[in-house]
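Structural characterization, general
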Amino acid sequence: MTISKVFAPAKVNLSLHVTGQRKDGYHLLDSLVVFADVGDRITVSPASEPSLEVTGPRAEGVPTDGTNLVAKAASLFDLPVRIILSKHLPSAAGIGGGSSDAAATILALSEITGDTRLPAGVTDLGADVRVCLLRQAARMRGIGDDVSPCPGLPPLFAVLVNPGVEVATPKVFGKLAKKANAPMPKRIPQGLKTVAFVEWLAAQRNDLEAPAVALSPVIANVLDAIRRLPNVRLSRMSGSGATCFGLFGSEAEAQNAAKLLAEQNPNWWVTPTKLS
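Residues numbered from 1 in each chain as written. Predicted model: local features only at pLDDT ≥ 70, side-chain atom pairs only at ≥ 80, totals over all residues. Heavy atoms only, no water.

Moving on: the layout of surface pockets. To find leftover empty space, a probe the size of one water molecule is rolled over the atoms. When its volume is computed, the largest pocket comes out at roughly 1,300 Å³. In terms of lining residues, the largest pocket is bounded by 47 residues, among which S99, G126, A127, D128 and T169 are the most central. When residues of the lining of the largest pocket are traced back to their parent elements, those giving at least two are β1 (4–21), β2 (27–46), α2 (97–113), α3 (129–134) and α4 (169–175). Sort the elements by how many residues they give to the lining of the largest pocket and α2 lands first, with four residues. When the residues that make up the lining of the largest pocket are grouped by side-chain class, the tally is 21 nonpolar, 17 polar and nine charged. (1 Å grid on protein atoms, 1.4 Å probe; cavity = no way out; pocket = protein on both sides within 12 Å on 5 of 7 lines; lining within 4 Å. Points joined across faces, edges and corners; volume = space filled by probe spheres on them. Helix = DSSP H or I, 4+ residues; strand = E, 2+ residues; numbered from the N terminus. Nonpolar A, V, L, I, M, F, W, Y, C, P; charged D, E, K, R; others polar.)

In structure tokens:
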């Protein structure tokens, strides 16, 4: 029996500029996206009846019916399968967990069927699925349909932090006062060392950070806690929140900072990671 196992990495928005809003309500974005070495795991195997089982340390509360993006992704293929989602990332956290899970499901089914063409309906799964299918540093523009690789980024060592609150993306966009903001520069620099790149990144923004903090003030506490960590070079929120990240100059600095922050805040989800 063919079984496909695919890693579903966390997606991190290093920057997220909201540049406009279409008449149909969709927001236009300009975002630099990278992927972590932490994430969920998808296992797919052919079956007589479709099924979805959710396991893992973050399984509680994750739906196993047709509302789950994994089930929606699987439904794009004409093949009943059994799917096991091992959930390690917090849900509704601004790190693309559901979108990455859906992308991993598509990749797994593509491996099983031997059909590498994207199935019709991928866009309907959400703005982040296309970039999650790419699974490498990329610039994402428009409504998530314009994705281009960004080679030449330096190694980035980070600590991801989530305080255990879910933030609804539509509510965050609804709180955004200004929809037409400046995009990132036309050219994203390549070949910079880590410190120089982080300095460039610090001049960029996450336009959703302020409205997310207004909805969930604990995000401000997380950002403050990250800023107080030794050797941190940048703190920012990812996506629409509530996960935030701190960037460091080395893997050891990130690991030491994560250990310290986890000791100070035992109820938060804290993990060191390498972004690429």
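Next, the rest of the story.
An ideal rise of 1.5 Å per residue puts 20 Å on 14 residues; helix α8 (residues 251–264) measures up with 20 Å between its terminal C-alpha atoms. For α8, the full list of buried residues reads A254, A257, A258 and L261. Seen end-on, α8 carries its buried residues on one side only, within an arc spanning 105°. Residues of α8 that are exposed and point over 90 degrees away from its buried face: N256, K259 and E263. For α8, the elements touching its buried residues are β7 (156–162), α7 (218–227), β9 (244–248) and β10 (269–275). (Expected span 1.5 Å × (residues − 1). Buried < 20%, exposed > 50% of the residue type's maximum accessible area, 1.4 Å probe, protein only. Arc of directions from axis to C-beta. Contact = heavy atoms within 4.5 Å.)

To continue, consider the pairing of β10. The buried count for β10 comes to five of seven residues, which makes it a mostly enclosed element. Of the pairings in the sheet, the one linking β7 to β10 comprises seven bridges and is antiparallel in character. What sits directly across from N162, in β10, is W269. (Pairing = 2+ DSSP bridges.)

Turning to helix α5 (residues 194–202), its buried residues number three or more, namely T194, F197, V198, W200 and L201. Along the long axis of α5, the arc covered by the buried residues comes to 155°, so they all point the same way. On its buried side, α5 packs onto β1, β2, β7, β8 (234–237) and β9.

By the definition in use, this model includes 10 salt bridges. Here D128 makes a salt bridge to K11, at a shortest N to O gap of 3.2 Å. Of this pair, D128 sits in the loop between α2 and α3 while K11 sits in strand β1, and the two are 117 residues apart along the sequence. As far as the burial class goes, D128 and K11 line up, both buried. Put simply, R227 and D224 hold a salt bridge, and the shortest N to O gap is 2.9 Å. A residue pair is termed a helical-turn pair when its members lie 3 or 4 positions apart in one helix, as R227 and D224 do in helix α7 at three residues. Each of the salt bridges in this network shares a partner with another, and the network as a whole consists of D40, K87 and D101. (Salt bridge = Lys/Arg side-chain N within 4 Å of Asp/Glu carboxyl O.)

Time to look at the side chain of R236. Positionally, R236 belongs in strand β8. Although R236 is buried, it makes no salt bridge; E209 carries the closest opposite charge, 5.0 Å away. For R236, the side chain forms a polar contact with the main-chain oxygen of L201, separated by 3.2 Å. Among the polar contacts made by the side chain of R236, one reaches the main-chain carbonyl oxygen of Q204 at a distance of 2.7 Å. Ignoring sequence-local partners within four residues, the contact set of R236 consists of L14, S15, L201, A202, Q204, R205, N206, E209, L223, C244 and F245. (Lys, Arg positive; Asp, Glu negative; His and termini not counted. Polar contact = N/O pair within 3.5 Å; in protein donor to acceptor, adjacent residues only side chain to side chain.)

Glancing now at the side chain of H27. Its place among the elements puts H27 in strand β2. Among the residues examined, H27 registers a relative accessible area of 15% and is labelled buried. Only 3.5 Å separates the side chain of H27 from the side chain of Q21, close enough to count as a polar contact. At 3.3 Å, the side chain of H27 forms a polar contact with the side chain of K179. Not counting chain neighbours up to four residues away, the residues in contact with H27 comprise V18, G20, Q21, G142, I143, F173 and K179.

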